[in-house]
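A structural walkthrough
This is what each chain is made of:
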Amino acid sequence: MTTMIPYRLAASDLDDTLLAAGKLSAANIAAVGRIKERVPLVALVSGRILQQIQPFHKELGLDTPMVASNGALVIKADGEVISEVGLPEDTARGILNFAVKRQVTSICHFRDGVYVTSKFHWNAESQQHVVELGKAVKFVNHKSVRGRSPYKIIVSAPAAVIEELVGQSNARFGHRVEVLHLNHETIEFMPRGVDKAFGLKALTSFYGIEASEVVVFGDGNNDLSMFAWAGLSICMSHGSPAARAAAGLIAPESAREDNFATAVDQVLALQYRKGAA
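The structure displayed is predicted, hence computed values, not measured ones. (Residues numbered from 1 in each chain as written. Predicted model: local features only at pLDDT ≥ 70, side-chain atom pairs only at ≥ 80, totals over all residues. Heavy atoms only, no water.)

Glancing now at unusual backbone geometry. Phi is positive for alanine 21, which is not a glycine, with a value near 55 degrees. Along the polypeptide, alanine 21 turns up in the loop between strand S2 (19–20) and strand S3 (23–24). Here the phi dihedral of glutamine 103 falls at roughly 55 degrees; this positive angle occurs in a residue that is not glycine. Among the secondary structure elements, glutamine 103 is positioned in the loop between helix H3 (89–102) and strand S8 (105–110). (Helix = DSSP H or I, 4+ residues; strand = E, 2+ residues; numbered from the N terminus.)

Attention now moves to the sheet that holds strand S10 (residues 137–139). Taken together, six strands build an open sheet; the order of strands is S10-S9-S8-S11-S13-S12 and the sheet is mixed. Sheet topology places S10 and strand S12 (177–183) at the edges, where each strand pairs with a single neighbour. Each adjacent strand pair in this sheet contributes to an overall mean axis angle of 20 degrees, direction not counted. As paired elements, S8 and strand S11 (residues 152–156) share five bridges and run antiparallel to each other. Bridge assignment links cysteine 108 to a residue of S11, and that residue is isoleucine 153. (Pairing = 2+ DSSP bridges. Axes fitted to C-alpha atoms, helices over the stretch in contact; angles between N-to-C directions.)

Side chains that are nonpolar tend, in soluble globular proteins, to be buried together. Formed by 38 residues in total, the largest nonpolar core has its most connected members in Leu18, Ile35, Leu44, Phe217, Ile234 and Phe260. With six residues, helix H9 (residues 259–276) is the largest single contributor of residues to this core. Not counting the four nearest positions on each side in its chain, leucine 44 is found in contact with Ser12, Leu14, Leu18, Ile53, Phe56, His57, Leu60, Leu62, Pro65, Met66 and Val67. (Core = buried A, V, L, I, M, F, W, Y, C linked by side-chain atoms within 4.5 Å. Buried < 20%, exposed > 50% of the residue type's maximum accessible area, 1.4 Å probe, protein only. Contact = heavy atoms within 4.5 Å.)

Glancing now at the pairing of strand S7 (residues 81–84). Regular strands place side chains that alternate from one sheet face to the opposite one. As paired strands, strand S6 (residues 73–75) and S7 are joined by three bridges and run antiparallel to one another. Residue isoleucine 75 lies in a different strand from S7, and its bridge partner there is valine 81. Connecting S6 to the next strand, S7, in antiparallel fashion are five residues, including glycine 79 with a positive phi near 100 degrees.

This structure, assessed with the given rule, holds 16 salt bridges. A salt bridge links arginine 192 to glutamate 178; the shortest N-O distance between them is 3.8 Å. Here the residue arginine 192 occupies a position in the loop between strand S13 (186–191) and helix H6 (196–207), and glutamate 178 occupies one in strand S12, the gap between them amounting to 14 residues. Since its relative accessible area comes to 23%, glutamate 178 is described here as partly exposed. Residues joined in a network through salt bridges with shared partners are Asp13, Lys196 and Asp223. (Salt bridge = Lys/Arg side-chain N within 4 Å of Asp/Glu carboxyl O.)

Now for the environment of tyrosine 115. As for its position among the elements, tyrosine 115 is in strand S9 (residues 113–118). A C-alpha to C-alpha distance of 4.8 Å links tyrosine 115 and lysine 138, two positions 23 residues apart in sequence. Apart from residues no more than four positions distant in its own chain, tyrosine 115 is found in contact with Ser106, Ile107, Cys108, Phe110, Lys138, Val140, Val145 and Arg148. Among the polar contacts listed, one links the side chain of tyrosine 115 to the side chain of arginine 148, at a separation of 3.4 Å. (Polar contact = N/O pair within 3.5 Å; in protein donor to acceptor, adjacent residues only side chain to side chain.)

Our next topic: the environment of lysine 36. Positionally, lysine 36 belongs in helix H1 (residues 26–36). Looking at lysine 36, the relative accessible area reads 37%, which means it is partly exposed. On a C-alpha basis, the gap between lysine 36 and leucine 9 in space is 9.7 Å, while along the polypeptide they are 27 residues apart. When near neighbours in sequence (up to four residues on either side) are disregarded, lysine 36 contacts Val42, Leu60, Gly61 and Leu62. Here the side chain of lysine 36 touches glycine 61 through a polar contact of 3.1 Å, landing on its backbone oxygen.

Next up, the structure:
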């Protein structure tokens, strides 16, 4: 008999949660299947652009909405938009001009793909867009996207200057947008108030689901908002210190590529014990 759990939505991050080195393990695919048997909606929630999420959505056999670009776009599998928020056009223009002046890489997320508007420091994360998206990546002059509002802008720079850039970015743009220091080479600019929790709130409002009816899985600092908001949050055992501290549960240690499956089994075992009590 299938053990039901008291949630109407299960939402999972992709990179380093469901994915390891950009791939789904057989164990994690099977774990998503176990969740689908017990929860009406299973959603992927990622900082990735929509086109990078869709292949995994298909591989997992999902037909549910996706939360893309860190919450800026919430869209059904059939293309119906539930929620969509972009950066203010004038601020986006200022950020792209700033990137060109400082000679750092800037990458914009739009509905139709990724636009690279300046290419200087090109790291593995930057190259990942090209490898996974192919023709959906466009290399353009930054002036060509004026008048458009990207979902987010990613700036990549050498580690030696990233702290200085974060300070300058906050001083110049922090009053208009969210400036996120993602890692030692990356800054992300998001519409103010937009994060993964924002996207999930739009999704749950659409379906009439309460936050207490949501279980989320993640590993990183950009998962903190949904950890704080959801009824139950589970962090991967290899998660960031901040994510581990914020989560309701931490998955038991297991192979990194299968740790999501371990986390799912942890949740199911917990609910089984509650039901048997």
